[in-house]
Amino acid sequence: MDPVAVGLLAELAGGVGGDGGRQAWGALGALVRRPTGVGSGEAELLALERAPGDTARAHALSTALAVRAALEPEFGVELVRWQEQARLVRTGEGSVRNEISGGTFHGTVSIQQGRDFYIGPDQQQ
C-alpha cells in the first residue's frame, strides 16, 4: 500500500475542504480508533490535530498508518477505501475568480460564486 499523502493529511487536519474535509478527517479518526493489536496511530493523529500545519507530524501519521496497514491487512483495505474517498475532497486546488466585462452595467449585479461548474451543450446560455 502506498503511504497516505502527507499533504492530504495536513490539509484535512487543518480543516481544508469544508464539510467534506471535516467528514473525511472524522472518518479517518474513527478508522484509527478501531481496536487493534498493534500501534494504532492515534497519538500521531491527535498530534497532527493539535498542529495541522506541521508536516513532520503529518509524515509521522502517514508512517504510522502505513505500518498498521502492513501489519493488519483488513485495516489496510479500509485505509485504501478511506484514501480514495478523501482524495475526492477538493483541498485547495484551483481558484475562484469573478469577472464582469463586456460593457457598462448600472444597478445591482447578482453574482453566484462557486467552483467546478459544468454547463453542458444543452444548458448553454
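Right above here is the structure, for reference.
Let us look at the structure shown here. (Residues numbered from 1 in each chain as written. Predicted model: local features only at pLDDT ≥ 70, side-chain atom pairs only at ≥ 80, totals over all residues. Heavy atoms only, no water.)

Here the focus is the overall build of the protein chain. Within the protein chain one finds five helices and zero strands. Listed N to C, the secondary structure of the protein chain is α-α-α-α-α in terms of helices and strands. Contacts spanning at least 24 positions in sequence make up 62% of the contacts within the protein chain whose residues lie at least 6 apart. Of the roughly 8,400 Å² of accessible surface on the protein chain, 50% is carried by carbon and sulfur atoms. (Helix = DSSP H or I, 4+ residues; strand = E, 2+ residues; numbered from the N terminus. Contact = heavy atoms within 4.5 Å. Areas by Shrake-Rupley, 256 points an atom, 1.4 Å probe, with all protein chains shown as cover.)

What follows deals with the environment of Glu78. The topology assignment puts Glu78 in helix H5 (residues 73-86). Residues Glu78 and Leu28 lie 50 residues apart in sequence; the distance between their C-alpha atoms is 9.7 Å. In contact with Glu78, other than residues within four places in its own chain, are Leu31 and Arg34.

On to the packing of helix H2 (residues 18-32) against helix H3 (residues 42-50). Running from N to C, H2 and H3 cross one another at 155 degrees; their axes reach a closest spacing of 9 Å. Relative to H3, the element H2 lies roughly antiparallel. At the point where H2 passes H3, the crossing takes the left-handed sense. Of the residues in H3, those in contact with Trp25, Leu28, Gly29 and Val32 of H2 are Glu42, Leu45, Leu48 and Glu49. (Axes fitted to C-alpha atoms, helices over the stretch in contact; angles between N-to-C directions. Parallel < 35°, antiparallel > 145°, perpendicular 65-115°, else oblique. Left-handed = near helix turned anticlockwise from the far one by under 90°.)

Once that is clear, we can look at the nonpolar core. In this structure, Leu9, Trp25, Leu28, Leu65, Leu79 and Trp82 are the most contacted members of the largest nonpolar core, which totals 22 residues. Those residues in contact with Leu65 that sit more than four places away from it in its chain are Val4, Leu9, Leu28, Val32, Phe75 and Leu79. (Core = buried A, V, L, I, M, F, W, Y, C linked by side-chain atoms within 4.5 Å. Buried < 20%, exposed > 50% of the residue type's maximum accessible area, 1.4 Å probe, protein only.)

The contact between helix H1 (residues 6-13) and helix H4 (residues 55-71) brings their axes to 8 Å, and the two run at 115 degrees. Of the possible angle classes, the one that applies to H1 and H4 is roughly perpendicular. Handedness of the H1/H4 crossing: right-handed. For the pair H1 and H4, contact is made by Val6, Leu9 and Ala10 and by Thr55, Ala58, His59, Leu61, Ser62 and Leu65, respectively. Taken together, the residues of the contact of H1 with H4 sort by class into six nonpolar, three polar and no charged. (Nonpolar A, V, L, I, M, F, W, Y, C, P; charged D, E, K, R; others polar.)

Right, let's get into the side chain of Ser40. As for its position among the elements, Ser40 is in the loop between H2 and H3. At 3.0 Å, the side chain of Ser40 forms a polar contact with the backbone nitrogen of Glu42. (Polar contact = N/O pair within 3.5 Å; in protein donor to acceptor, adjacent residues only side chain to side chain.)

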